[in-house]
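Residue-level structure breakdown
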Amino acid sequence: MSASAIHSAEDARRLARRRLPWMVFDYIDGAAGAEMGAARNRAALDAMTLRPRVLRDVSERSLATTLFGKPAQRPFGIAPMGMCNLSTPGADLMLARLAARYEVPLGVSTVASTPMEKVIEVAEGNAWFQLYFSGDGAGTFKLVERARAAGYETLVLTVDVPEVGRRPRELRHGFKMPFRIGPRQFVDFALHPRWSIATLTAGKPQMANFLTEGYEFDRTESRAKATWETLARLRDQWDGKLVVKGVLDPEDAVAVKAAGADAVQVSSHGARQLDSAPAAFEALQQVRAVVGDDYPVFYDSGLRSGEDAVKALIAGADFVFFGRVVQFAMAAAGEAGLQQLWDVLSDEFSIAMAQIGVTSIEI
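Given the structure is predicted, the values throughout are model-derived calculations rather than measurements. (Residues numbered from 1 in each chain as written. Predicted model: local features only at pLDDT ≥ 70, side-chain atom pairs only at ≥ 80, totals over all residues. Heavy atoms only, no water.)

What follows deals with the overall build of the protein chain. Check the secondary structure of the protein chain and you find 14 helices and ten strands. Its C-alpha atoms give the protein chain a radius of gyration of 20 Å, near enough to 21 Å, the size a compact globule of 363 residues would have. By its C-alpha atoms, the protein chain is 60 × 50 × 40 Å across when sized along the principal axes. Sequence separation of 24 or more characterises 74% of the internal contacts of the protein chain that already satisfy a separation of 6 or more. If you average the places of the 41 positive and of the 44 negative side-chain charges in the protein chain, the two averages end up 5 Å apart. (Helix = DSSP H or I, 4+ residues; strand = E, 2+ residues; numbered from the N terminus. Rg over C-alpha atoms; globule rule 2.2 N^0.38 Å. Contact = heavy atoms within 4.5 Å. Lys, Arg positive; Asp, Glu negative; His and termini not counted. Charge placed at Lys NZ, Arg CZ, Asp CG, Glu CD.)

The buried fraction of helix H13 (residues 306-314) is high, at seven of nine residues. Listed as buried for H13 are Gly306, Asp308, Ala309, Val310, Lys311, Ala312 and Leu313. Packing partners of the buried residues in H13 comprise helix H3 (36-47), strand E3 (76-78), helix H12 (280-291), strand E9 (297-300), strand E10 (319-322) and helix H14 (324-356). Its side-chain oxygen at 3.3 Å from the backbone nitrogen of glutamate 307, serine 305 defines the N-terminal cap of H13. Glycine 316 sits one or two residues past H13 and shows a positive phi near 130 degrees. (Buried < 20%, exposed > 50% of the residue type's maximum accessible area, 1.4 Å probe, protein only. Polar contact = N/O pair within 3.5 Å; in protein donor to acceptor, adjacent residues only side chain to side chain.)

Over the atoms, a rolled probe matching the size of one water molecule traces out where space is still vacant. Its boundaries defined by the atoms lining it, the largest pocket holds a volume of some 570 Å³. Elements that contribute at least two residues to the lining of the largest pocket include exactly strand E6 (154-158), helix H10 (228-237), strand E7 (241-247) and helix H11 (250-258). Across the lining of the largest pocket, the residue classes break down as 16 nonpolar, seven polar and four charged. Its boundaries defined by the atoms lining it, the second largest pocket holds a volume of some 370 Å³. For the second largest pocket, the lining is made up of 17 residues, of which Thr65, Arg288, Ala317, Asp318 and Glu362 are closest to its centre. Those elements giving two or more residues to the lining of the second largest pocket turn out to be strand E1 (65-67) and H13. (1 Å grid on protein atoms, 1.4 Å probe; cavity = no way out; pocket = protein on both sides within 12 Å on 5 of 7 lines; lining within 4 Å. Points joined across faces, edges and corners; volume = space filled by probe spheres on them. Nonpolar A, V, L, I, M, F, W, Y, C, P; charged D, E, K, R; others polar.)

Spatial relationships are all this shows, so hold off on functional conclusions.
Here it is in structure tokens:
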């Protein structure tokens, strides 16, 4: 596929759908239940309009900002996503190189396809480690120490997965990690030879942070034992920046702030957890109202364009993160596709700034 065919996130998704096995596409694209949560959040974003302003000098515009005191060339980064190398071999490091070029944070998932040490090296330090609490927490805190040793300065504790949400599209395909290939999956892969050959050549994607003797990670293992005491323990042990991700309730956001976290990230996990959850975009506005103007609030879930990112900043976010769309871009056209979509998102954001009459992201 040619990267020049990507003019929007929807273009990237359409092209990815052609190339990826059905199982992999539905793993990336799917949401919980009947996917009404995803539709609800999309409707909330679509319902917000921007106020066009005219006759203002907007000839010089900057998308630069600061994040935890460090410069970032864009007000958006890359959300942590598990098993990115399913979209295309080497995807994690494509994202790392992009993060380095634009000095934006790349969320490195607990279940990334590439070891956390390699990702932060390639990202030139522009990486945050995303942490799941699972089981009794013993393995979780081993990962914390490993992240510290690797040079991570920001830890993102994801708290919205006490149990992995039921995603019917995954279940219908028998999606499991690590892969278990049966007749149905064999046919699926055979009908998508370009992806299958590239993936076979590169080696089967694995959850690289768990290739440690005596330690295995079960994606479906209960994470229900995480409590506020877990957060307190993590705050005591981690002297870097601590972000708590997956908050939708204003009362929880206030409690996260009181617990000493450095930021809260409003997120519905891309609507992959609870089909009946409120629209994350509406929750963003409520959270901002209760934590105050000076407390850092980040946002992800449902962002599909630069204009969406502008809306999120106006609604109260200090910084936002794109997720699925960057995987679609890589699936469609590899690293060139990723760069093309990044340019599209940047152009959309910049043009929207001009239309609403602002020259910096203090909007």
